[in-house]
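Close look at the chain arrangement
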Amino acid sequence: MNEELNPEVAQNTENPQDVATNYADMTLGELSQMFEGLMADEERMKRAKEAENIKTAFYKKLTKEKAEVKPADTAEEAEAASNIFESVENGFKALYGMFKKERAEFNRKQEEERNANLVAKQAVIEDLKALVDKQEDVTATFPEFRDIQARWREIGPVPATAFRDLNDTYQFYVEKFYDKVQINREMRDLDFSKNLEAKTAFCEEAEKLAEDENVIDAFKELQKLHEQWKEFGPVAKEYRDQIWERFKAATAKINKNYQAYFEGQKEQHEENLQAKTALCEKVEEIVAREEINANEWSALTKEIEEIQKQWKTIGYASKKENQKIYARFRAANDKFFERKRLYYAEYKDGMSANAERKLAIVEKAESLKESTEWKKTTEALIQLQKEWKEIGAVPRKKAEALWKRFRAACDEFFARKEENAKSESGFRENLRAKKALVEEIKAMEPSEDKSLMKDLLQSFQEKWNAIGFVPFKEKDAINKAYRDAIAEKFGDLLGGNRGNRNAGGRGPAKAQKAPLTEKDKLIQQYNRLQQEVDTCENNIGFFAASKNAAPLISQMQEKIEGYRKELKELEAKILKLEEESNKEEE
């Protein structure tokens, strides 16, 4: 009976370890480290497929990362980026070169050994054939037959192309030896018994493998058992069918488990393919959108990244479809990020142009900040502010600096305008008060009582001095009106023209501008300090809208406190000079 067995082998025989390793998600450094670990393994020659998978993933990743590198601003940066990739590639290439060289030598030696084994087994068959043709006493031929069997088992594997014919020929002459050689029945039965014992053990081991949950390993072990089965001779005729059927039944169960495993894998692969196809369609739908603004790019990028995370949680599709679906997904992602890159390249160019336009507005505003044409300049700055708002975004590193300059120029002008408005408003109030006082003096009925008149004069002078400044253009006129009214009512008391000369505290009017008095200088200094206070308070309002501005605000507040102390001192000096001036007039 021919016990040659051809177990069914599933089409998909990929290594489960390879299935569990997603090389595409690894970095160049991780792939290089994985290859280094492989090179350190003493059994590395048995991991050739894994080595090739790592190599393929490495060069795909290297090509992709080179393509994704943004154009460098300088030749030095470009050269540095190129050197990094070259260094990584050279390191990997050296490792792979060593492996390839070792693998070639290993394969050469393996081939030599298999060819040598083929020659050796062919010699054994020739010896067996010669032994079958002998018609000697069993005591001479059977030990020689045992020796031939031992020699056959000791010889290693032969080339795959010669394996089946070689084994068939060997089994043919083994069975022919048992059928033709007239050996002692007891010795023949003993040999059959030993063969039955060995094949029973093979059956038991196969039956254990049939219950093993690791169907991949069980299938591989089964192949070894079949090779060993062939190396043993027949059993007694009454057991031949029984032992063979038992072994074949265990084999069939293992094959069935193996097929069921890959059928299950096939269903899972189909589910994975559908899930990955849905993710591809999501990315492709995003890429197909016509108009996407800057805010949408940011949100869509996060969505794409989330889709990529989902992709990594899905297992493999079938070997036939897995690379195709990954290529589709990768292409859609690449198209998205390429479109995003082009958008921001154009956006960056637009922002640079916007920055130039805003810089022109800043320079215009700075040229107007010291203007005293309040209405005209106000309208011009408002128009510049409108133009500013209509201009799009500018590069972040320039935006804040440009805005600060523009805001500072506008704030400086409007602070000066507000100060001027405050001064004008107060001065005009003072002018109305002084005019009322002049009318009060004019309406007064003089008295013959000089003491009373002196008290009235002093009262009028105190009221006059208590009233603040008036608009510059009205100063001379109101002073003259005051002097004339005093001279009219108190001329006798003041001694004729003396009151006319000194009543206003400013001296006689001159045809040309008189030099500044000490009091005028103090007043100018007072006004400048007051303007500094207003500017600082305006800046505090500006800084309050900014982050991390507490130190600046504190510094401004200290300045304001210092200015106010100086203002009080100047005010005291001005009042003192007023009093001295009044005394001199008396």
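Look a little higher up for the structure.
Quick caveat: nothing in here was measured; it's all calculated off a predicted structure. (Residues numbered from 1 in each chain as written. Predicted model: local features only at pLDDT ≥ 70, side-chain atom pairs only at ≥ 80, totals over all residues. Heavy atoms only, no water.)

Turning to the overall build of the protein, a few remarks are in order. Counting its regular elements, the protein contains 18 helices and zero strands. Across the 586 residues in the protein, those meeting the buried criterion constitute 34%. Carbon and sulfur atoms provide 50% of the accessible area of the protein, an area that totals close to 36800 Å². (Helix = DSSP H or I, 4+ residues; strand = E, 2+ residues; numbered from the N terminus. Buried < 20%, exposed > 50% of the residue type's maximum accessible area, 1.4 Å probe, protein only. Areas by Shrake-Rupley, 256 points an atom, 1.4 Å probe, with all protein chains shown as cover.)

Looking now at the pattern of salt bridges. Overall, the coordinates contain 24 salt bridges when judged by the stated rule. Ionic pairing is found between Glu211 and Lys253, a salt bridge with its closest N-O pair at 2.5 Å. Highlighted residues: Glu211 in the loop between helix 7 (185–210) and helix 8 (215–231) and Lys253 in helix 9 (residues 237–287), separated in sequence by 42 residues. Given a relative accessible area of 56%, Glu211 falls into the exposed group. For Lys253, a relative accessible area of 36% corresponds to the partly exposed category. Note that Lys404 is salt-bridged to Glu400, the shortest N-O span being 3.4 Å. Within this pair, Lys404 and its partner Glu400 are both found in helix 13 (residues 396–443), separated by four residues, close to a single helical turn. Classification of Lys404 by relative accessible area gives partly exposed; the value is 40%. (Salt bridge = Lys/Arg side-chain N within 4 Å of Asp/Glu carboxyl O.)

Right, let's get into the packing of helix 2 (residues 28–40) against helix 3 (residues 48–68). A pair of packed helices is captured by two measures, namely the crossing angle of their axes and the spacing between those axes. Running from N to C, helix 2 and helix 3 point in directions that differ by 160 degrees, and their axes come no closer than 9 Å. By the angle class used here, helix 2 and helix 3 are roughly antiparallel. Like other packed secondary-structure pairs, helix 2 and helix 3 cross with a definite hand, here left-handed. Contacts from Leu28, Leu31, Ser32, Met34, Phe35 and Leu38 of helix 2 reach helix 3 at Glu50, Ala51, Ile54, Ala57, Phe58, Lys61, Leu62 and Glu65. Grouping the amino acids of the contact of helix 2 with helix 3 by side-chain chemistry returns ten nonpolar, one polar and three charged. (Axes fitted to C-alpha atoms, helices over the stretch in contact; angles between N-to-C directions. Parallel < 35°, antiparallel > 145°, perpendicular 65-115°, else oblique. Left-handed = near helix turned anticlockwise from the far one by under 90°. Contact = heavy atoms within 4.5 Å. Nonpolar A, V, L, I, M, F, W, Y, C, P; charged D, E, K, R; others polar.)

On the surface, a cluster of negative charge is contributed by Glu263, Glu267, Glu270 and Glu271. The residue Glu263 is located in helix 9 in this model. (Patch = residues over 30% accessible without salt bridge, like charges linked within 9 Å, V, L, I, M, F, W, Y side chains within 5 Å. Lys, Arg positive; Asp, Glu negative; His and termini not counted. Charge placed at Lys NZ, Arg CZ, Asp CG, Glu CD.)

Another point: the environment of Thr301. As for its position among the elements, Thr301 is in helix 10 (residues 294–313). Spatially, the C-alpha atom of Thr301 lies 8.7 Å from that of Phe336, the residues being 35 residues apart in sequence. A polar contact of 2.7 Å, which involves the side chain of Thr301, links it to the backbone oxygen of Trp297. (Polar contact = N/O pair within 3.5 Å; in protein donor to acceptor, adjacent residues only side chain to side chain.)

What follows covers the packing of aromatic side chains. Applying the stated criterion to the full structure yields 25 aromatic pairs. Judged by centre distance (3.9 Å) and plane angle (10 degrees), the ring pair of Trp311 and Phe329 falls under stacked. One end of the pair, Trp311, is in helix 10; the other, Phe329, is in helix 11 (residues 319–368), and 18 residues separate them in sequence. Taken as a pair, Trp311 and Phe329 share a single burial class, namely buried. Feature note: the residues Phe35, Phe58, Tyr59, Phe92, Tyr96 and Phe99 constitute an aromatic cluster, connected by ring pairs. Here the basic side chain of Lys276 rests over the ring of Tyr316, its NZ or CZ set 5.8 Å away from the ring centre. (Phe/Tyr/Trp six-rings, centres within 6.5 Å; stacked < 30°, edge-to-face > 60°. Lys NZ or Arg CZ within 6 Å of the ring centre and 35° of its normal.)

General note: in soluble globular proteins, nonpolar side chains tend to be found buried as a group. Among the nonpolar cores identified, the biggest contains 21 residues, and Leu128 and Phe145 are the most heavily contacted of them. Those elements giving two or more residues to this core turn out to be helix 4 (75–133), helix 5 (138–154) and helix 6 (160–180). Phe145 has contacts with Leu128, Leu131, Val174, Phe177 and Tyr178, leaving out every residue within four places of it along the chain. Counting 19 residues, the second-largest nonpolar core is a separate cluster that includes Leu28, Met45, Ala48 and Phe99. (Core = buried A, V, L, I, M, F, W, Y, C linked by side-chain atoms within 4.5 Å.)

In this fold, Ile286 is placed in helix 9. When its relative accessible area of 0% is taken as the criterion, Ile286 is described as buried. In this structure, the C-alpha to C-alpha distance between Ile286 and Glu303, residues 17 residues apart in sequence, is 9.5 Å. The contact partners of Ile286, leaving out residues within four places of it in the chain, are Ile292, Leu300, Glu303, Ile304, Ile307, Phe336 and Arg339.

This part covers helix 14 (residues 450–466). With 17 residues, helix 14 should reach 24 Å at 1.5 Å per residue; the first-to-last C-alpha distance of 24 Å fits that figure. Every buried residue of helix 14 is listed here: Met453, Leu457, Phe460, Gln461 and Trp464. What you see down the axis of helix 14 is that its buried residues fit within an arc of 100 degrees, all on one side. (Expected span 1.5 Å × (residues − 1). Arc of directions from axis to C-beta.)

Examined against the element boundaries, Asp191 turns out to sit in helix 7. Not counting the four nearest positions on each side in its chain, Asp191 is found in contact with Phe142, Arg146 and Tyr178.

Before going further, it helps to spend a moment on a positive patch on the surface. A surface patch of positive charge is lined by Lys70, Lys348, Lys397 and Lys398. Summarising the element assignment, Lys397 is placed in helix 13.

The end-to-end C-alpha distance of helix 12 (residues 374–390), which contains 17 residues, comes to 25 Å, matching closely the 24 Å that a straight helix rising 1.5 Å per residue would cover. Every buried residue of helix 12 is accounted for by Thr377, Thr378, Leu381, Leu384 and Trp388. Each buried residue of helix 12 sits inside an arc of 125 degrees when the element is viewed along its axis, so together they form one side. Exposed side chains of helix 12 directed beyond 90 degrees from the buried face belong to Lys375, Lys376, Lys389 and Glu390.

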